[in-house]
Amino acid sequence: MHKTIQEQEEVCIRLLISGLWGNPLTISPEFDDWNSVARLAKSQSVLGIVGNIILSDPVLQLSLDSELRVKVKRFVMSNMLMHNQLNTLIVKAVKHLNTAGISPVLLKGQGLARNYPYPELRQCGDIDLFVGVELYEKAYFAFKNIATDIDDFSSIYSGKHFHAFCGKVEFDVHRFSAFYHLKKYNEKYQEEAKKGLTQSLMYYAVGDIDVSTPSLEFNAYYIFNHLFNHFLISGVGLRHLCDWMMFLHANAGKIDRAELKRILTKMRIMRPWKVFGALCVKEFGMPSDEIPFYQEVNDGLIYRVLRRILDEGNFGFETDYYKRNKDGRLRTRLNGIIHHVKRFGQLVTLFPYQLSRQMLNLIAMWYQSTIK
């Protein structure tokens, strides 16, 4: 590990690597800062994997104080139960939509858990379903029949998706898998999304039904693009990195690299792909031949990316911006502008083209929301 990585961070990463790849684990018997390890793993949304490795090792388990051991065990068990609950609700929702003549595509999250050695240990989130523009309203009224809470119909076109809840589980039902306020860039994205979300779909069994997910090539791009966008805008956790790694690992040799290269080149995201790929190989044990277009990258660049991930946490929730962004609308907007300008200055030397595009997209979004 690099000298900028603190001991508790190094231990957390070693535990994560062991959970992903089954690597032998060596932790100094003198290490005792397990509260920091658990706190970091939770902020990075990988406590299910890290906690399970700790609990599976008799020596490590005994090195935790009894209170922390109970908390970690409770978290792991709760996550496993939630994983099963999400699968049950996916089956319920997809069957209901199918009955209404809608065939949704499962995006991100739960559709990626199956790529892990133990899917139930991937930290759970919400459920994202893509239905498209044409069936969007139909999907809303179909969902209204099974949701315990749902957005008001008047608001469903304010964004790329509407929100619905089945109990405490949130569904995001998408008319667009992503949307950009830069017209030409958005047109390019929607061209690829239309192809990747309607052609060469992949199917896997959940309960007693087959659920569709995007084509392999579009999904490889989409998962990374989602990760990278959050990295630029707010921050990203190790769970997003693991999702991408496990997807590429599970589909090694199956992805059409020529098609993937066409997408990455068209969307001008190849350089970040290579930087994050090198990070996965050098710091997280990913086999280099499973990263399409793998290329050696300067260590300093890799560690700057890793340092930011570790400091900011999943979706940037460990940053001051999210911790203080609880005031009124005007103060929140001002905080947002200050945060993004500051972030631009910090990241511009890492990914200048992609960050400039992202900033222009944010400016366009702010402008369009102001003139409405």
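This is a predicted model, so every value here is computed, not measured.

So, how was this worked out
Residues numbered from 1 in each chain as written. Predicted model: local features only at pLDDT ≥ 70, side-chain atom pairs only at ≥ 80, totals over all residues. Heavy atoms only, no water. Salt bridge = Lys/Arg side-chain N within 4 Å of Asp/Glu carboxyl O. Helix = DSSP H or I, 4+ residues; strand = E, 2+ residues; numbered from the N terminus. Buried < 20%, exposed > 50% of the residue type's maximum accessible area, 1.4 Å probe, protein only. 1 Å grid on protein atoms, 1.4 Å probe; cavity = no way out; pocket = protein on both sides within 12 Å on 5 of 7 lines; lining within 4 Å. Points joined across faces, edges and corners; volume = space filled by probe spheres on them. Nonpolar A, V, L, I, M, F, W, Y, C, P; charged D, E, K, R; others polar. Phe/Tyr/Trp six-rings, centres within 6.5 Å; stacked < 30°, edge-to-face > 60°. Lys NZ or Arg CZ within 6 Å of the ring centre and 35° of its normal. Axes fitted to C-alpha atoms, helices over the stretch in contact; angles between N-to-C directions. Parallel < 35°, antiparallel > 145°, perpendicular 65-115°, else oblique. Left-handed = near helix turned anticlockwise from the far one by under 90°. Contact = heavy atoms within 4.5 Å. Core = buried A, V, L, I, M, F, W, Y, C linked by side-chain atoms within 4.5 Å. Patch = residues over 30% accessible without salt bridge, like charges linked within 9 Å, V, L, I, M, F, W, Y side chains within 5 Å. Areas by Shrake-Rupley, 256 points an atom, 1.4 Å probe, with all protein chains shown as cover. Polar contact = N/O pair within 3.5 Å; in protein donor to acceptor, adjacent residues only side chain to side chain. Pairing = 2+ DSSP bridges.

Draft legend 1. Focus on the pattern of salt bridges. For the structure on display, the rule yields 16 salt bridges. The closest approach of N and O atoms between Lys195 and Glu259, which form a salt bridge, is 3.1 Å. Residue Lys195 is located in helix H8 (residues 183-196), and its partner Glu259 is located in helix H11 (residues 257-266); the two are separated by 64 residues in the primary sequence. Of the charged contacts, one joins Glu312 and Arg343 as a salt bridge, the two residues approaching to 2.5 Å between their closest N and O atoms. Here Arg343 lies in helix H15 (residues 329-347) and Glu312 lies in helix H13 (residues 299-312), a separation of 31 residues in the sequence. When sorted by exposure, Glu312 lands in the same class as Arg343, which is buried. A single salt-bridge network, built from bridges that share partners, covers Glu191, Glu192, Lys195, Glu259, Arg262 and Lys266.

Draft legend 2. View of empty space enclosed by the protein. A full pass over the atoms with the stated rule returns one cavity of 30 Å³ or more. Tyr180, Leu182, Tyr185, Asn225, Phe228, Asn229, Leu232, Ile269, Gln354, Arg357, Gln358 and Asn361 are the residues that line the largest cavity. Along the lines of polarity and charge, the residues of the lining of the largest cavity split into six nonpolar, five polar and one charged.

Draft legend 3. Local environment of the packing of aromatic side chains. The tally for this structure, following the rule as stated, stands at 27 aromatic pairs. With a centroid separation of 5.4 Å and an interplanar angle of 55 degrees, the aromatic rings of Tyr140 and Phe153 are classed as tilted. Within this pair, whereas Tyr140 is found in helix H7 (residues 136-144), its partner Phe153 is found in the loop between strand S3 (149-150) and strand S4 (161-166), the two being separated by 13 residues in sequence. Centroid distance Phe224 to Trp273: 5.5 Å. Interplanar angle 65 degrees. Geometry classified as edge-to-face. Within this pair, whereas Phe224 is found in helix H9 (residues 216-233), its partner Trp273 is found in helix H12 (residues 270-284), the two being separated by 49 residues in sequence. A connected cluster of aromatic rings, assembled from ring pairs, spans Tyr136, Tyr140, Phe141, Phe143, Phe153, Tyr157, Phe162 and Phe171. Over the ring of Tyr204 we find Arg114, and its NZ or CZ is 4.0 Å from the ring centre.

Draft legend 4. Broad picture of the layout of surface pockets. For the second largest pocket, the calculated volume is near 380 Å³. As for the second largest pocket, its lining consists of 19 residues, and the residues nearest its centre are Phe130, Gly132, Glu134, Lys194 and Thr198. Ranked by residues supplied to the lining of the second largest pocket, first place goes to H8 with five residues. Class assignment for the residues of the lining of the second largest pocket results in nine nonpolar, five polar and five charged.

Draft legend 5. Inspection of the packing of helix H1 (residues 7-21) against helix H10 (residues 238-250) at higher detail. Between H1 and H10, the shortest axis-to-axis distance is 12 Å and the interhelical angle comes to 30 degrees. As far as their axial angle goes, H10 and H1 are roughly parallel. Here the hand of the crossing between H1 and H10 comes out right-handed. Residue-level contacts link Leu16, Leu20 and Trp21 of H1 to Leu238, Cys242, Met245, Met246 and His249 of H10.

Draft legend 6. Broad picture of the nonpolar core. In this structure, Trp34, Tyr221, Phe231, Trp244, Trp273, Phe276 and Phe284 are the most contacted members of the largest nonpolar core, which totals 91 residues. One finds Leu106, Cys124, Val173 and Ile209 within the second-largest nonpolar core, a separate group that totals 32 residues.

Draft legend 7. Seen up close, a nonpolar patch on the surface. On the surface, Phe141, Phe153 and Tyr157 cluster together to form a nonpolar patch covering roughly 280 Å² of accessible area. Structurally, Phe141 is set in helix H7. The class for Phe141 is partly exposed, based on a relative accessible area of 43%.

Draft legend 8. Here's a closer look at the side chain of Asn361. Position of Asn361 relative to the elements: it lies in helix H16 (residues 352-371). At 2.6 Å, the side chain of Asn361 forms a polar contact with the backbone nitrogen of His181. Residues in contact with Asn361, not counting those within four places in the same chain, are Tyr180, His181 and Leu182.

Draft legend 9. Highlighting the pairing of strand S2 (residues 127-130). Residues of S2 alternate between two faces, with Ile127 and Leu129 on one and Asp128 and Phe130 on the opposite face, all of them buried. Bridge count between strand S1 (residues 105-107) and S2: three bridges; the pairing is antiparallel. Bridge assignment links Leu107 to a residue of S2, and that residue is Asp128. Note: S2 against strand S5 (residues 169-174), four bridges, orientation parallel. Bridge pairing in S5 links Phe130 to His174.

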